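The lines below spell out each chain.
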Amino acid sequence: MKKFDAVQLIFQPLLQQKGDSVWQPQREKGLAFAPTNIALCKYWGKRDEELNLPMTSSLSVALPEKGSMTHLSLHNKNEDVVVLNGEALSPDSQFVKRIKAYLDLFRQENTWHLLIDIQLNIPVAAGVASSACGFASLISALNDMFVWQLSMRDLSLLARLGSGSAARSLWTGFVEWHAGVQSDGMDSYAEPLKMEWSDLYMGILLVTREEKSISSREAMQRTIDSSVLYANWPRKVARDMVIFRQALQAKNFSLLAGTAESNALTMHATMLSCWPPICYFMPETIAAMQRVWQLRRDGLELYFTQDAGPNLKLIFTGKNKDKVVEAFPDLDVVKLFVE
Ligand code: 2P0
């Protein structure tokens, strides 16, 4: 199934109710913020590349104040313009091409064009999930401008068509993305977990601001095509998801954060076994991991997770915050549940 057909399927009730006005902006502007999310149980591998349908379910937690604010307005010229953090991007850049292709899903011929002004307060494409919050805020801003009044489930389905992890970026707190089994993807959406953990922190440890050498999309595909370890990944996820639920229920921090670290390392192990190999570790990444492990041996409850980039996210609780910052003075500390 093509993305456009998936949109038609999601829009079916809306089209019956509103007819063709669905394809026209109803307001001059649209605005939305979406937080970025960090997976504790990773999404790694697609069962459908076109629709971004994942092989497995995944579980994330949002960084509540870090993310993407998207302002949309009508643009009178004959093409969309994307402005990122105040700078107009080249129409030839990959990011702009992806956004235009996404807007084309909702556009009948050349009826309208938009100025898409995105303010991101996280590094672009350095494994801090900028495409997740980018597409989540874009679909929410479109929902505002076109007055679709879609449910959160529908927004999650649509966000997924832009970028898989965007399906999880519509809420704060813990979010589970159900893999689903249907080939049309209508059962592959995310939902928030009714669970708060006011004492939980994440620290972004920036090893580099450089863009990643290989995209997640390409890396996932190569892993499926060439890693013999990948066959074990769905089993690892199934087991970890059970443990995550137990850890959340019991508020067992070391079980939660330890499982997140183990899950991330297993994902990277599948990548190391690809051919050609994929290695998102830099020497500084490994040095930081060794430091975490040493601190843990010394009694500090500190864990990490790592995505498709060299940076680490440290996981800890409030009582250890000062000690963690002492060990990593440049850490960008985020309280995951703000009152
Ligand atoms: C995640 N990552 O669960 C995993 C862990 C990176 C490592 O989701 O191709 O940008 O747009 O569906 O969502 C990054 O992949 O990939 C990602 P597409 P996406 O957060």
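Thresholds, definitions, all that
- Residues numbered from 1 in each chain as written.
- Predicted model: local features only at pLDDT ≥ 70, side-chain atom pairs only at ≥ 80, totals over all residues.
- Heavy atoms only, no water.
- Near = heavy atom within 4 Å.
- Polar contact = N/O pair within 3.5 Å; in protein donor to acceptor, adjacent residues only side chain to side chain.
- Helix = DSSP H or I, 4+ residues; strand = E, 2+ residues; numbered from the N terminus.
- Nonpolar A, V, L, I, M, F, W, Y, C, P; charged D, E, K, R; others polar.
- Domains from an automatic or database assignment.
- Buried < 20%, exposed > 50% of the residue type's maximum accessible area, 1.4 Å probe, protein only.
- Arc of directions from axis to C-beta.
- Contact = heavy atoms within 4.5 Å.
- Buried area = accessible area lost by both parts, 1.4 Å probe.
- Salt bridge = Lys/Arg side-chain N within 4 Å of Asp/Glu carboxyl O.
- Core = buried A, V, L, I, M, F, W, Y, C linked by side-chain atoms within 4.5 Å.
- Patch = residues over 30% accessible without salt bridge, like charges linked within 9 Å, V, L, I, M, F, W, Y side chains within 5 Å.
- Areas by Shrake-Rupley, 256 points an atom, 1.4 Å probe, with all protein chains shown as cover.

**Some points on the site of the ligand**
Close to the ligand lie 18 residues, the nearest being Y43, K46, S163, G164 and S165. At a separation of 3.4 Å, an oxygen atom of the ligand approaches a polar side-chain atom of R98. In the model, an oxygen atom of the ligand is placed 3.2 Å from a nitrogen or oxygen of the S131 side chain. Residue contributions to the shell around the ligand peak at three residues, all from helix α5 (residues 216-226). Along the lines of polarity and charge, the residues of the shell around the ligand split into six nonpolar, six polar and six charged. Each of domain 1 (3-192) and domain 2 (200-335) accounts for three or more of the residues forming the shell around the ligand.

**Focus: α5**
Listed in full, the buried residues belonging to α5 are A219, M220 and T223. Viewed end-on, α5 has its buried residues packed into an arc of 100 degrees, placing them on one side of the element. Where α5 is buried, its residues meet β2 (46-48) and α7 (253-272).

**Description of the domain arrangement of the chain**
For the chain, the domain assignment lists domain 1 (3-192) and domain 2 (200-335). With 28 residues of domain 1 in contact, the opposing surface of domain 2 contributes 43 residues. In total, domain 1 and domain 2 occlude about 3000 Å² of area from one another, counting both sides; carbon and sulfur atoms represent 69% of this. Summed over the three residues of domain 1 that lose the most area to domain 2, namely L40, K42 and W44, the buried surface amounts to 29% of that side. Joining domain 1 to domain 2, the criterion identifies four salt bridges. Between D332 and K66 there is a salt bridge, with its nearest N and O atoms 3.0 Å apart. Among the elements that line the side of domain 1 that touches domain 2, the one with the most residues is strand β4 (residues 58-74), at six residues. In the side of domain 1 that touches domain 2, the residues fall into 17 nonpolar, six polar and five charged.

**Regarding the nonpolar core**
If you look at the biggest cluster of nonpolar residues, it comprises 88 residues, and the most contacted ones within it are F11, Y102, F106, L142, W148 and L158. Ranked by the residues each element gives to this core, the list is headed by helix α3 (residues 130-145), at eight residues. Three or more residues apiece are contributed to this core by two domains, here domain 1 (3-192) and domain 2 (200-335). In this structure, M289, L314, A327 and F328 belong to the second largest nonpolar core, which totals 16 residues.

**As for the pattern of salt bridges**
Scanning the model with the defined rule gives 13 salt bridges in all. In this structure, the salt-bridge partner of R27 is D144, at a minimum N-O distance of 2.7 Å. Of this pair, R27 sits in the loop between α1 (3-18) and β1 (29-41) while D144 sits in helix α3; the two residues are 117 residues apart in sequence, bridging distant segments of the chain. Given the relative accessible area of 42%, R27 is considered partly exposed. A salt bridge links K100 to E79; the nearest nitrogen and oxygen atoms lie 3.5 Å apart. In this pair, K100 is assigned in helix α2 (residues 94-104) and E79 in the loop between β4 and β5 (81-84), connecting sequence segments 21 residues apart. Each of the salt bridges in this network shares a partner with another, and the network as a whole consists of K42, D307 and K313.

**Thoughts on a nonpolar patch on the surface**
Taken together, the side chains of L31, F33 and M69 present a nonpolar region at the surface, about 240 Å² in accessible area. Tracing the chain through its elements places F33 in strand β1. Judged by its relative accessible area of 36%, F33 is partly exposed.

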